[in-house]
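Listed below, chain by chain, are the residues.
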Amino acid sequence: MVQINERGVNVAVLGATGQVGMVMRRVLDERDFPVRDLRFLASARSAGQVLDWRGHAIEVEDVAKADLSGIDIAIFSAGGGTSREWAPKFAEAGAYVIDNSSQWRMHDDVPLVVAEVNPDDLDEIPSGIVANPNCTTMAIMPVLKPLSDAFGLKRLIVSSYQAVSGAGRAGVEQLMNEAKAAVDQGADKLVFGGDAIDFPEPTKVVRTIAFNEVPFIGDIVDDGSEETDEEQKLRNESRKILHLPDLKASCTCVRVGVFTAHGMSVNAEFERDVTPDEARAVLREAEAVELVDIPTAQLAAGKTPSFVGRIRQDQAVDGHKGLAFFVTNDNLRKGAALNAVELAEIIARKHFPDQL
Ligand SMILES: NC(=O)c1ccc[n+]([C@@H]2O[C@H](COP(=O)([O-])OP(=O)(O)OC[C@H]3O[C@@H](n4cnc5c(N)ncnc54)[C@H](OP(=O)(O)O)[C@@H]3O)[C@@H](O)[C@H]2O)c1
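In this text, all values refer to a predicted model and were calculated from it rather than measured experimentally.

1. Considerations on the site of the ligand
Part 1 of the reasoning: Close contacts around the ligand come from 26 residues, with T17, V20, S43, S46 and S165 the closest.
Part 2 of the reasoning: In the model, an oxygen atom of the ligand is placed 2.5 Å from a nitrogen or oxygen of the S43 side chain.
Part 3 of the reasoning: Taking N331, its side chain carries an N or O atom lying 3.0 Å from an oxygen atom of the ligand.
Part 4 of the reasoning: Taking 900 Å² as the accessible area of the ligand by itself, protein coverage stands at 80%.
Part 5 of the reasoning: In this structure the site holding the ligand corresponds to the largest pocket.

Right under this line is the structure:
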């Protein structure tokens, strides 16, 4: 534990050495988070590693050996299993836990929150645990919420184009290794593609991901739907965050050979008429949203907003009740680390005002 300031809240980051943890450390700094004591935790693998934070050398602690007392807010990005084991223990010891995994998102006593969309859901945190939404859900919520308020969202069809960093460091390494191996085999083989290229065996994404698209993320859910859990997360989490329990939503999640920033093709149907111009007028005023002509992954990577563009009337919906558009967003920033830090800021203001 290292004291950073005289006043502020005591913060612990579990999974501090991972990709999301790395961005989390940067975002805590960028946003000048009101931190008093700061602790970094991970597994025994990284324990003892020293990470710099604003000139302070902070030694990574093995969570299994850590003293959990005195933590006000713990931000977790260490996977579902770690969260299942440790979130209740941190909460029991008095911390509010903000969890990035899918472990707690659909629990009734766990608020699932996008900072700009439903911050009031943080007024009561009965279990001491708060969930950060899945990165695809997160990206489209700031866009859908104001449209839903204005025109009454009824039905959603989403196809995602998800970056490999969404699959952790292992996903990034797979794309890097495959891309290097393929490029080394020369342009002719790249043009022929398919079996002409000799790729290494996939190590994380279920098929070759370099120069490819793989319509399979997560695991098939054992409910006869043949959907993956990633596809169901988008439907279930959207319903919970937007407070629309009957929202009809169908999703196809696709991994693509991009390192960072997810894309979402969205077809949304509304109760009331809406034209693209009316939608743009609403979105121009929306928090955490930026209107652009062509929202690409490269544009979104390293940035904060959800970029939305290609807004059109959906020609498959009668009248003017449907919109088609595309959204891109950095899956490691707003999709994970930034929203978690924003939730920590809201919790600090609501629940620790005397320490600020
Ligand atoms: N990547 C994304 O776009 C994204 C978006 C939203 C949410 N998330 C969620 O964020 C979490 C982390 O993702 P990531 O991409 O950062 O993964 P990552 O790069 O693989 O990092 C995993 C982190 O968790 C720690 N960890 C793993 N097992 C642990 C254990 N048993 N006890 C304590 N610490 C443990 C690792 O510590 P060591 O260094 O000790 O191994 C590392 O710090 C996951 O729950 C993921 O679902 C990711």
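2. Regarding the UniProt feature "binding site: substrate" (unreviewed entry) in the chain
Part 1 of the reasoning: Mapped onto this numbering, the UniProt entry gives "binding site: substrate" (unreviewed entry) at Q162 and R255. Their sequence span is 94 residues, while the largest C-alpha to C-alpha distance among them is just 4.6 Å; these annotated residues converge on one region. Set against the largest pocket, the annotated residues that line it come down to Q162 and R255.
Part 2 of the reasoning: Leaving out residues up to four positions away in the same chain, Q162 has contacts with T136, I217, E230, C253, V254, R255, V256 and H262.
Part 3 of the reasoning: For Q162, the side chain forms a polar contact with the side chain of E230, separated by 3.0 Å.

3. Some points on the packing of helix α3 (residues 135–151) against helix α7 (residues 276–284)
Part 1 of the reasoning: Packing of α3 against α7 leaves a shortest axis separation of 9 Å and a crossing angle of 120°. Overall, the two elements α3 and α7 adopt an arrangement that is oblique. The handedness of the crossing between α3 and α7 comes out as right-handed. Of α7, the residues touching α3 (which contributes V143, P146, L147, A150 and F151) are E278, A279, V282 and L283.
Part 2 of the reasoning: Here the contact of α3 with α7 is built from residues that sort into eight nonpolar, no polar and one charged.

Thresholds, definitions, all that
- Residues numbered from 1 in each chain as written.
- Predicted model: local features only at pLDDT ≥ 70, side-chain atom pairs only at ≥ 80, totals over all residues.
- Heavy atoms only, no water.
- Near = heavy atom within 4 Å.
- Polar contact = N/O pair within 3.5 Å; in protein donor to acceptor, adjacent residues only side chain to side chain.
- Areas by Shrake-Rupley, 256 points an atom, 1.4 Å probe, with all protein chains shown as cover.
- 1 Å grid on protein atoms, 1.4 Å probe; cavity = no way out; pocket = protein on both sides within 12 Å on 5 of 7 lines; lining within 4 Å.
- Sits in = over half its atoms within 2 Å of the grid points.
- UniProt positions renumbered as here; feature names shortened; annotations may be inferred.
- Contact = heavy atoms within 4.5 Å.
- Axes fitted to C-alpha atoms, helices over the stretch in contact; angles between N-to-C directions.
- Helix = DSSP H or I, 4+ residues; strand = E, 2+ residues; numbered from the N terminus.
- Parallel < 35°, antiparallel > 145°, perpendicular 65-115°, else oblique.
- Left-handed = near helix turned anticlockwise from the far one by under 90°.
- Nonpolar A, V, L, I, M, F, W, Y, C, P; charged D, E, K, R; others polar.

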